[in-house]
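# Reading the structure
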Amino acid sequence: MSASLLYALAGVALCGIGLFGFITLAHLLRKLLAFNLIGSGVFLVLVGLAQRHGEPDPVPQALVLTGIVVAIAATALAVVLIRRYFHLSGHTTLRAETPERVPGRLKPQTRGDNPE
Amino acid sequence: MILGLMAGLLFTPLAWAVLTLLSGFERSRLISWLGILIQSLVSFALWAAVASEGGFHYQLGGWPAPLGIELRVDGLAVTFVMLTAVVGGACGWHAGIYLDPKKNWHRYFWPLFWFLWAGLNGVWLGADLFNLYVALELISLSAVGLVALGGQADALRAAIRYLMAALLGSLAYLLGVALIYGQFGSLSMGGISELLPAGSGQAGLIFALVLMIAGLALKTALFPLHGWLPPAHGIAKSPVSALLSALVVKASFYIAARLWLEFGEHLGSYGLAQLVGALGGVGVLWGSWLAFRQTRLKQVVAYSSVAQIGYLFLLFPLSWGVSEAVSLQAQQGMTLQVISHALAKAAMFLAAGNLIMSVGSNRVDALAGVSRFLPFSLFSFGLAGVSLMGLPPTGGFAAKWLLLQASLGSGQWWWLIVLLGGGLLSAAYVFRVYRASFIENSDTDLFFHPSRSLEVIPMILALLSLGLGLVAEPVLSVMALPFSKGGGG
Amino acid sequence: MRRSVGIRAVAGVCLAFVIALGLAVLGIAETPAHVDLPELLLESMGQSGVEHPVTAVLLNFRSYDTLLEIGVLVIAGIAGISVSRTTSLEDPELRTSDSLLYALQRWFVPLMLVLAGYLLWAGADRPGGAFQAGAVLAATGVMMRLGGIPMDFLRPGILLRLGLALGFAVFLLIALASAIGGEAFLAYPPAVAKQLIILIETVLTLSIAMVLLALFVSAPVNRAAEPGEGESP
């Protein structure tokens, strides 16, 4: 088993851990971190599996660079949205019935017709 | 000439995104309307060119696959490019009038709109697995940006949920691509489908295909992964909802369909096909039922999207292990379903936006009395509903008819239950909206009348969806075009 | 009780997923790849204009991916500044009054700028390039912002949007120029490939840094919210 294949299997483990975190964690920022973990796992699998015979392959490395930039863009956008959501509603999760409100922060806006 | 058209098709939306980023709302609106005209003409010219000369491969950068990225311009691709031009153009036109110019964040609608269009074209024409991933991300992020535009807490909630679902789906797809690249060393779909029969390590490849389809199904809101769709499509502004339901969810489905049609023969199985079809069928019935029970108008339309998307996944069982003729019928039915649903759903959302603007409330029972006041928009809504129900001569009917024939032709009669039951349930929720609007309510006589052009646009789309059944033949003949012999770019 | 059962079920599913994925990876690992892409690459490297294969793939062979990916970055930037409705960047929350940081900046910022420039230059024949340089440049900007330096070009306005769009626009124009010349979209003439790539990389570095920095400073402090459709404000 070459070193690259070991990286690929480590990537598999990361995917699993990230998936577990993504599904079970409720806090949005932690979900985002779990998503990044899955992303890193996928990148490791991509490069590790392709280079398993020991020779470096520039194509998956370039793909991973592109993937990292895309993941950064998505993560940054998610952070901005989550921050604004928190400022407007005081919630850090998407489950409105168990709010984690920080004392002293904005109260959520009351609306006449509460959805769902 | 064709090379010029291709360059124009790729260049225009991206260039317009840059132009509209640098201007305010009103100037961007004018620029965009010009851009819609140009892009529609280019799309139509490309469609006509492929219809007469057949499909071809377009090499970006002049490098052949698998070294470079190739675009596959065949009949199905240009049909979808045309569809994007028609529906996207209508929504862009509507948005220019519908959105309030005084709110200066609305200026960001235009660049996001153009990037969305560029991403959609990238998906229809794409034949490189990783390029499809980047195009999907382009679409997802602009869609999320469009949903969050305005920034109130509900919209942000819906946008965040949508973003999380979209990102997870994309990663599942990318993981599948990683496995396939590991096996084949190539990212070109055409190249891989040629190598497939000789491929060993099949179990790994089957897992890769399952992963990719699962990720794409999440992005297409297949039951039971549909939870993100109703909030996002229901809360966004009407032109945005129209774009999302009509085109964005179809992009991930298109990729799943292409993967299934090219790789499914060797990597798919009867069980997998039936499972996907069954989930689609449950989605049709469950989504229609939930649509019937919603209290807010746009949520009715959003759940109706969940239902209609279920029909699309009937392609999977109806094109695996069946004869050529039946498979072609299933593909044609799927294409017609996509086109007619896109037209009808866009018409529905735009008309719903007009109705909501008119009565000042987004509840279904607040629509009382609007039938006298805003009959045009209500009529567009109804016509679109007729297409969703699948009554002749609409496109929806033609699509369901083809799927019905494919079901019977392949001996899978159980899909009839889905097709007929779904039609009945969609009648239920459309008529519910109509019933609410025909109630004479003397309390409210304060209706705001939206401008005429806002009412014309959904009517045009609804009429197109209605007449689609009549012009189905030329559309379908182009869709199934094989590549011209010796053609290439 | 229910919650722990639910978590254990999810853990079981994830474990099954990991095992299946691991088996898939091992199964695929046993077969040799069918297409030898690195070899195809080596044959065409001479025409690509750069010496480092990864840069060649990113900016020449698969430049369409890079174009779209910059588009994704710009979209994230646009969406980020569209939800931030504040016109003032003088938010005290985001500025530190730490004098140590303020002093250290005078050492770090020039060093980081030089590092960014080096990474951009080195991309031609060793690992480096636009993204790495852009990330370092963005980090420099973040540090300056945390250290209390107001950067006026980041105020929402035409300059910000120009900065976001510039790299992408130049890349797009170069892509179109080759199409006008009769070649396919994005085909560089081999004679000027190297110069074009350097130009693209430079403007990309600036744009990438701008997008990341704009997303960092999109601080949502404005409390106003827009009413939804059909609801009164």
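Residues numbered from 1 in each chain as written. Chains lettered and ligands numbered in written order. Predicted model: local features only at pLDDT ≥ 70, side-chain atom pairs only at ≥ 80, totals over all residues.

### Focus: the overall build of chain A
Scanning chain A from terminus to terminus reveals three helices and zero strands. What you see in chain A, going N to C, is helices and strands ordered as α-α-α. By residue count, 51% of the 116 residues in chain A fall in the buried class. A fraction of 51% describes how many contacts in chain A between residues 6 or more apart in sequence connect residues 24 or more apart. (Helix = DSSP H or I, 4+ residues; strand = E, 2+ residues; numbered from the N terminus. Buried ≥ 20, exposed ≤ 12 C-beta atoms within 10 Å, placed from the backbone. Contact = placed C-beta atoms within 7 Å.)

### Focus: the interface of chain B and chain A
On the chain A side, the residues contacting the 24 residues of chain B number 30 residues. Put simply, the parts of the chain that give the side of chain B that touches chain A at least two residues each are helix 5 (129-148) and helix 6 (153-184) of chain B. If one sorts the elements of the side of chain B that touches chain A by residue count, helix 6 of chain B sits on top with 17 residues. Partitioned by chemical class, the residues of the side of chain B that touches chain A number 18 nonpolar, two polar and four charged. (Nonpolar A, V, L, I, M, F, W, Y, C, P; charged D, E, K, R; others polar.)

### A closer look at helix 18 (residues 415-438) of chain B
Here helix 18 of chain B is 24 residues long and its end C-alpha atoms lie 35 Å apart, about the 34 Å a rise of 1.5 Å per residue gives. Of the positions making up helix 18 of chain B, those classed as buried are Trp415, Val418, Leu419, Gly422, Leu425, Ser426, Tyr429, Val430, Val433 and Ser437 of chain B. (Expected span 1.5 Å × (residues − 1).)

### Focus: the confidence of the model for chain C
It should be kept in mind that the predicted coordinates are not to be read in detail where pLDDT is low. Residues and elements named next belong to chain C. For chain C, the mean per-residue pLDDT works out to 81, and 85% of the residues sit at or above 70. Confidence drops under pLDDT 50 across residues 222-228; counting only partners more than four residues distant or on other chains, this segment forms 18 contacts. Interface scoring of the predicted complex returns ipTM 0.90; its pTM is 0.92. (pLDDT = per-residue confidence, 0-100.)

### Observations concerning the packing of helix 1 (residues 2-21) of chain B against helix 2 (residues 25-53) of chain B
Residue and element names in this part refer to chain B. Contact geometry for helix 1 and helix 2: axes closest at 10 Å, N-to-C directions at 160 degrees. One element, helix 1, and the other, helix 2, form an angle in the roughly antiparallel class. Here helix 1 and helix 2 pass one another in a crossing that is left-handed. Contact with helix 1, carried on its side by Ile2, Leu5, Gly8, Leu9, Thr12, Pro13, Trp16, Leu19 and Thr20, involves Ser28, Ile31, Ser32, Gly35, Ile38, Gln39, Val42, Ser43, Ala45, Leu46 and Ala49 of helix 2 and no other residues of that element. (Axes fitted to C-alpha atoms, helices over the stretch in contact; angles between N-to-C directions. Parallel < 35°, antiparallel > 145°, perpendicular 65-115°, else oblique. Left-handed = near helix turned anticlockwise from the far one by under 90°.)

### A few points about the environment of Gln405 of chain B
Residue and element names in this part refer to chain B. Structurally, the position occupied by Gln405 is in helix 17 (residues 395-409). With 17 C-beta atoms counted inside 10 Å, the residue Gln405 sits in the partly exposed group. Placed 75 residues apart in sequence, Gln405 and Ala330 show a C-alpha to C-alpha distance of 8.4 Å.

### A few points about the interface of chain B and chain C
Listed as interface residues are 68 residues of chain B and, on the opposing side, 51 residues of chain C. Counting only elements with at least two residues in the side of chain B that touches chain C, the list comes to helix 1, strand 1 (56-60), helix 4 (109-125), helix 5, helix 6, helix 7 (189-195), helix 8 (202-220) and helix 14 (324-359) of chain B. Taken together, the residues of the side of chain B that touches chain C sort by class into 39 nonpolar, 25 polar and four charged.

### Re the environment of Ala10 of chain A
In this structure, Ala10 of chain A sits in helix 1 (residues 3-24). Considering only alpha carbons, one finds Ala10 of chain A and Leu44 of chain A, 34 residues apart in sequence, at a separation of 7.5 Å.

### Let's talk about unusual backbone geometry
Residue and element names in this part refer to chain B. Between Phe223 and the following residue, Pro224, the backbone shows a cis peptide bond with an omega angle of 0 degrees. Within the secondary structure, Pro224 sits in the loop between helix 8 and helix 9 (229-235). Backbone torsion omega between Pro392 and Pro393 reads -5 degrees, so that peptide bond is classified as cis. Within the fold, Pro393 resides in the loop between helix 16 (375-389) and helix 17. Look at Ala221: it is not a glycine, yet its phi comes out positive at around 60 degrees. On the basis of neighbour counts, which here come to 29 C-beta atoms within 10 Å, the residue Ala221 falls in the buried class.

### What to know about the nonpolar core
Here is a general trend for soluble globular proteins: nonpolar side chains tend to be buried in one another's company. Judged by nonpolar contacts, the single largest core of 319 residues is most densely connected at Leu81 of chain A, Val147, Ala159 and Ala346 of chain B together with Ala76 of chain C. There are two domains that each give this core at least three residues, and those are domain 1 (1-31) and domain 2 (38-217) of chain C. With residues near it in sequence (within four places) discarded, Ala76 of chain C still touches Ala73, Ala74, Ala76 and Leu77 of chain A, Leu141 of chain B together with Val211 and Leu215 of chain C. (Core = buried A, V, L, I, M, F, W, Y, C linked by C-beta atoms within 7 Å. Domains from an automatic or database assignment.)

### Side note on the pairing of strand 2 (residues 69-73) of chain B
Residues and elements named next belong to chain B. By the criterion of burial, strand 2 is predominantly enclosed, with five of the five residues buried. Residues Ile69, Leu71 and Val73 line one face of strand 2 and the alternating positions Glu70 and Arg72 line the opposite face, and both faces are buried. When strand 1 meets strand 2, the two strands line up antiparallel, connected through five bridges. Bridging from a neighbouring strand, Leu60 pairs with Ile69 of strand 2. (Pairing = 2+ DSSP bridges.)

### Looking at the environment of Val192 of chain C
Residues and elements named next belong to chain C. Relative to the elements of secondary structure, Val192 occurs in the loop between helix 7 (158-180) and helix 8 (193-217). Exposure remark for Val192: the 12 C-beta atoms within 10 Å place this residue in the exposed category. Here the alpha-carbon distance between Val192 and Gly181, two residues eleven residues apart in the chain, equals 14 Å.

### Some remarks on the packing of helix 4 of chain B against helix 4 (residues 63-83) of chain C
What describes two packed helices is the angle between their axes and the distance between those same axes. Running from amino to carboxyl end, helix 4 of chain B crosses helix 4 of chain C at an angle of 150 degrees, the nearest separation of the two axes being 10 Å. It follows that helix 4 of chain B is roughly antiparallel to helix 4 of chain C by the angle criterion. In this structure, helix 4 of chain B meets helix 4 of chain C at a crossing whose hand is left-handed. In this structure, helix 4 of chain B contributes Pro111, Leu112, Phe115, Ala118 and Gly122 of chain B to the contact, and helix 4 of chain C contributes Leu68, Gly71, Ile75, Ile78 and Ala79 of chain C. Here the residues of the contact of helix 4 of chain B with helix 4 of chain C are counted per class, giving eight nonpolar, two polar and no charged.

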